[in-house]
Amino acid sequence: MQVTSQLVVAALDEAIPHLACDLRPDVLEGLRCARQGERDERARLVLDQLLENAEVASRDRVPICQDTGTVWACLELGSEGAELVGDPFSEADEAVARAYRDNALRFSTVRDALTDRSNPGDNTPAFTEIRYVPGGGAMLHVMLKGGGSDNASCVEMLPPGAGADGVRDVVIRRVEEKASSACPPLVVGVGIGSTFDAVAGLAKHALLRPVDTPAADPQVAAFEADLLEDINALGIGPGALGGDTTALACHIQTAPCHIAALPVAVNLGCCALRSISIDLEDFERTGELPW
């Protein structure tokens, strides 16, 4: 298939207002399951409020959260069959500006992190990347990422001897220190491997996986389950007010790395984790998002 800027823009036009107002179905179901299993009365009240908030946002077409985030878009192209025509993100900023202005979403970007902290008034730029993956087709992942959860994230370069226990320590310490400002219950994305500049991307991509789906590798899936148990044993709970459910899921994405390194990144996703993965071939044919 051919991937054009027009196709990407059309998908962004549909996805951004949808994500602002509709909670990801797997996250919504995760909150419902957490409510059923939660033993703490105050935590149950918080989860009830989160579920009611999601219902009102979807029904009245208002944002789930006042922090409508920055727009991150990742285009994954199959190395067998997907063809780029020009720059697929050449009009992404226009799409973001249009979506945020037309839908009265909060503008949350500054022109430059160091030299010009003024707000451009349109939530641009979009933060974009292109990746090539095995197979065919093309997927567009779109995430609206709020400042609270991204600010709670980290990268650490561990010595290889730190092993799994060192990774566990990084994750647990980060959740202990920052969960309260990242709006729990969380989805905890963990990247392990690659290089300093790329390991954070692994952690962010880990957030895309549905919360009820373990890692494909059984060893990684077992480590995810152990980490989630340890995270929830902290007792931070929904809204950081105590309870059983500090996180709905812990997702790990791994990669090769240098023999002298063990890069680890943690990217926290809040209770309003807003992302969607769009098969562009299906979208081009139907004009509809997957949910």
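Residues numbered from 1 in each chain as written. Predicted model: local features only at pLDDT ≥ 70, side-chain atom pairs only at ≥ 80, totals over all residues. Heavy atoms only, no water.

K.L.:
Would you mind going over the sheet that holds strand β8 (residues 247–257) with me for this structure?
P.N.:
Whenever strands of a sheet pair, they do so through backbone hydrogen bonds, lying parallel or antiparallel. What the four strands build is an open sheet, ordered β6-β9-β7-β8; its pairing is mixed. Both outer strands of the open sheet, β6 (154–158) and β8, are each paired with one neighbouring strand and no more. Here the average twist between neighbouring strands, direction ignored, is 15 degrees. Bridging between β6 and strand β9 (residues 262–269) involves five bridges; their strand directions are antiparallel. Bridge pairing in β9 links Glu-156 to Val-264. (Pairing = 2+ DSSP bridges. Helix = DSSP H or I, 4+ residues; strand = E, 2+ residues; numbered from the N terminus. Axes fitted to C-alpha atoms, helices over the stretch in contact; angles between N-to-C directions.)

K.L.:
For this particular structure, what's the right way to read a nonpolar patch on the surface?
P.N.:
Together, Val-155, Met-157 and Phe-196 make up an exposed nonpolar region whose accessible area comes to about 290 Å². For Met-157, a relative accessible area of 43% gives the class partly exposed. (Patch = residues over 30% accessible without salt bridge, like charges linked within 9 Å, V, L, I, M, F, W, Y side chains within 5 Å. Areas by Shrake-Rupley, 256 points an atom, 1.4 Å probe, with all protein chains shown as cover. Salt bridge = Lys/Arg side-chain N within 4 Å of Asp/Glu carboxyl O. Buried < 20%, exposed > 50% of the residue type's maximum accessible area, 1.4 Å probe, protein only.)

K.L.:
What's the story with the environment of Leu-262 in this structure? I'm lost.
P.N.:
Relative to the helices and strands, Leu-262 is located in strand β9. Spatially, the C-alpha atom of Leu-262 lies 5.9 Å from that of Met-157, the residues being 105 residues apart in sequence. Sequence-distant contacts of Leu-262, defined by excluding residues within four places in its chain, comprise Glu-156, Met-157, Leu-158, Pro-159, Pro-160, Ala-162, Gly-163, Val-167 and Ile-192. (Contact = heavy atoms within 4.5 Å.)

K.L.:
Would you explain the pattern of salt bridges in this entry?
P.N.:
Throughout the structure, instances matching the rule amount to 18 salt bridges. With a shortest N-O distance of 2.7 Å, Asp-22 and Arg-61 are connected by a salt bridge. Of this pair, Asp-22 sits in the loop between α1 (5–21) and α2 (25–37) while Arg-61 sits in the loop between α3 (41–60) and β2 (70–78), and the two are 39 residues apart along the sequence. Residue classification places Arg-61 among the partly exposed residues on the basis of a relative accessible area of 43%. The partner of Asp-122 in a salt bridge is Arg-101, and the shortest N-O contact between them spans 4.0 Å.

K.L.:
I would appreciate a short explanation of the sheet that holds strand β10 (residues 274–279) in the present structure.
P.N.:
Strand order in the open sheet formed by four strands is β4-β2-β5-β10, with mixed pairing between adjacent strands. A strand with exactly one partner marks an edge of an open sheet, and here the two such strands are β4 (127–133) and β10. Along the sheet, successive strands turn relative to each other by an average axial angle of 15 degrees, direction set aside. Both strand β5 (residues 138–145) and β10 contribute to a ladder of six bridges, which runs antiparallel. Each residue of the ladder has a partner; that of Met-143, found in β10, is Ser-275. Contacting β2, β5 and β10, α1 crosses the sheet at an angle of about 35 degrees to β5.

K.L.:
Would you mind showing me how to read the side chain of Glu-38 here?
P.N.:
Here Glu-38 lies in the loop between α2 and α3. Here Glu-38 is buried and forms no salt bridge, its nearest opposite-charge partner Arg-39 lying at an N-O distance of 5.9 Å. Side-chain polar atoms of Glu-38 contact the backbone nitrogen of Asp-40, separated by 3.0 Å. Of note is the side chain of Glu-38, whose polar atom sits 2.9 Å from the backbone nitrogen of Asp-244. (Lys, Arg positive; Asp, Glu negative; His and termini not counted. Polar contact = N/O pair within 3.5 Å; in protein donor to acceptor, adjacent residues only side chain to side chain.)

K.L.:
What should I look at first to understand the nonpolar core in this one?
P.N.:
What tends to happen in soluble globular proteins is that the nonpolar side chains get buried as a cluster. Leu-12, Ile-16, Leu-75, Leu-140, Val-142, Ile-278 and Leu-280 are the most contacted members of the largest nonpolar core, which has 33 residues in total. For this core, the secondary structure elements donating two or more residues are α1, β2, α4 (92–102), β5, β10 and α9 (280–286). The element contributing the most residues to this core is α1, with ten residues. Not counting chain neighbours up to four residues away, the residues in contact with Leu-75 comprise Val-3, Leu-84, Pro-88, Phe-89, Glu-129, Ile-130, Arg-131, Ala-138, Met-139, Leu-140 and Leu-280. Core analysis: the second largest hydrophobic core is formed by 28 residues, Ile-192, Phe-223, Ile-236 and Ile-252 among them. (Core = buried A, V, L, I, M, F, W, Y, C linked by side-chain atoms within 4.5 Å.)

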